[in-house]
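Each chain, written out:
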Amino acid sequence: KGDIADRIAQRLKLAKPKPVVHAVDSVDLSIRQGEVLGLVGESGCGKSTLGRVVAGILPPSEGDLYWKGSDRSRLSFADLKAADLATQMIFQNPMAALNPRMTVEDIVTEAPHSHGMIPGDRRAYADRYLEMAGFDPAMKRRYPHQFSGGQRQRVNIARALAVQPEFLVCDESVAALDVSIQAQVINLFMDLREQLDLTYLFVSHDLGVVEHISDRVAIMYLGRIVEEAPVEEVYARPNHPYTRALLSEVPRIEVGKRKFEAIKGELPSPLDPPKGCHFHPRCPFAMDRCRSEVPKIREVASGHRSACHLNDG
Ligand code: SF4
Ligand code: MG
């Protein structure tokens, strides 16, 4: 009997409503065809959530998501399927995305085969995309666990490329790799962009990585975009105090390894973010109004937007 009571209690516990976390809050972001947009922030700031929303994996609870000028929620079934194929995500942990019971060849060709995209020989198709991702096709009959993290990420990239995407959403795609391998995979992403005319959303906690690969950068803090500008502009003329704090701690050019730990104070809980400007408890310039009034993001120079009351001058 105790057993049943326990199980009921367990159920009730499971059924208890979870707190509603607005991981992402009034974000207005556009990504232009052919560009690489870097999305930067500390872990827990909502950037992965935003990446999933942009990729169409997670529907926005409010607001709209447009794909090539059309509201995604109004696309026909066929157009939605095409949009989903054209958008591929590449995550931090490639092993999680790779079926351990399938050979590399099958992994790479599974989706395009099921969509009738492979005109001729499935093996030749696998070779083509593995080569593109810098993975030796001679090894394609092996299984994911037989490879290093870097090789597995290449398989994962080949698998994404094999459905002929236009848009890649990379969420910390190089974060788990050794620094030397990170540089190789970043170079691969840049080569692929040239070859295949790809558009990227590149989500990372690492400003060094983002600087290397992006045309434009958006900085996120506790669910909001606080600054957005062309990459040179962000690094030469950062506007937002949060961005400035990040940059002062990140030595330039180093790809990989630098993190944000040195910023004063802990990242507040996203469950209960500070009122007004979310950054005020950590901001050296915080004023009274910062504690109550949310700063609007607005243009501070051409193509450069920032959300800080200091700009109201
Ligand atoms: Fe700092 Fe206020 Fe600007 Fe927020 S709005 S970044 S607290 S000065
Ligand atoms: Mg994340």
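Everything discussed here concerns the structure shown above.
Structure report, in brief. (Residues numbered from 1 in each chain as written. Chains lettered and ligands numbered in written order. Predicted model: local features only at pLDDT ≥ 70, side-chain atom pairs only at ≥ 80, totals over all residues.)

A look at the overall build of the protein
Here's step 1: A tally of regular secondary structure across the protein gives 11 helices and 10 strands.
Here's step 2: Looking at the protein as a whole, 36% of its 313 residues are labelled buried.
Here's step 3: Partitioning the intrachain contacts of the protein with sequence separation of at least 6 by distance along the chain shows that 65% fall at a separation of at least 24. (Helix = DSSP H or I, 4+ residues; strand = E, 2+ residues; numbered from the N terminus. Buried ≥ 20, exposed ≤ 12 C-beta atoms within 10 Å, placed from the backbone. Contact = placed C-beta atoms within 7 Å.)

Brief notes about helix H2 (residues 47-54)
Here's step 1: Taking burial as the measure, the 8 residues of H2 include 7 buried ones, the bulk of the element.
Here's step 2: Contacts made by the buried residues of H2 are with strand E1 (36-40), strand E5 (167-171), strand E6 (199-204) and strand E7 (216-221).
Here's step 3: Gly 56 sits one or two positions beyond H2 and adopts a positive phi of about 85°.

Here we look at the site of ligand 1
Here's step 1: Taken together, 14 residues lie around ligand 1, and Cys 277, His 280, Cys 283, Cys 290 and Cys 308 are the ones closest in.
Here's step 2: The class makeup of the residues in the shell around ligand 1 is 11 nonpolar, 3 polar and no charged. (Near = placed C-beta within 6 Å. Nonpolar A, V, L, I, M, F, W, Y, C, P; charged D, E, K, R; others polar.)

What about the pairing of strand E9 (residues 298-301)?
Here is the key point about a regular strand: its side chains alternate between the two faces of the sheet.
Here's step 1: Bridge count for E9 against strand E10 (residues 304-306) is 3 bridges, and the pairing is antiparallel. Across the sheet, residue Arg 298 finds its bridge partner in E10, namely Ser 306. (Pairing = 2+ DSSP bridges.)

Side note on unusual backbone geometry
Peptide bonds are, in most cases, trans, and in most cases residues other than glycine have a negative phi.
Here's step 1: In this structure, Lys 68 is a non-glycine residue whose phi angle is positive, near 50°.
Here's step 2: Turning to its location among the elements, Lys 68 is positioned in the loop between strand E2 (66-67) and strand E3 (70-71).
Here's step 3: Its 13 C-beta neighbours within 10 Å are what place Lys 68 among the partly exposed residues.
Here's step 4: One non-glycine residue, Glu 172, lies in positive phi territory at about 50°.
Here's step 5: Here Glu 172 lies in the loop between E5 and helix H8 (179-196).
Here's step 6: For Glu 172, a count of 20 C-beta atoms within 10 Å translates into the label buried.

Description of the packing of helix H5 (residues 104-114) against helix H6 (residues 122-132)
Here's step 1: Axis separation between H5 and H6 bottoms out at 9 Å; the angle between their running directions is 105°. By the criterion of interaxial angle, the relationship of H5 to H6 is roughly perpendicular. Contact with H5, carried on its side by Glu 105, Val 108, Thr 109, Pro 112 and His 113, involves Arg 122, Arg 123, Tyr 125, Ala 126, Tyr 129 and Leu 130 of H6 and no other residues of that element. (Axes fitted to C-alpha atoms, helices over the stretch in contact; angles between N-to-C directions. Parallel < 35°, antiparallel > 145°, perpendicular 65-115°, else oblique.)

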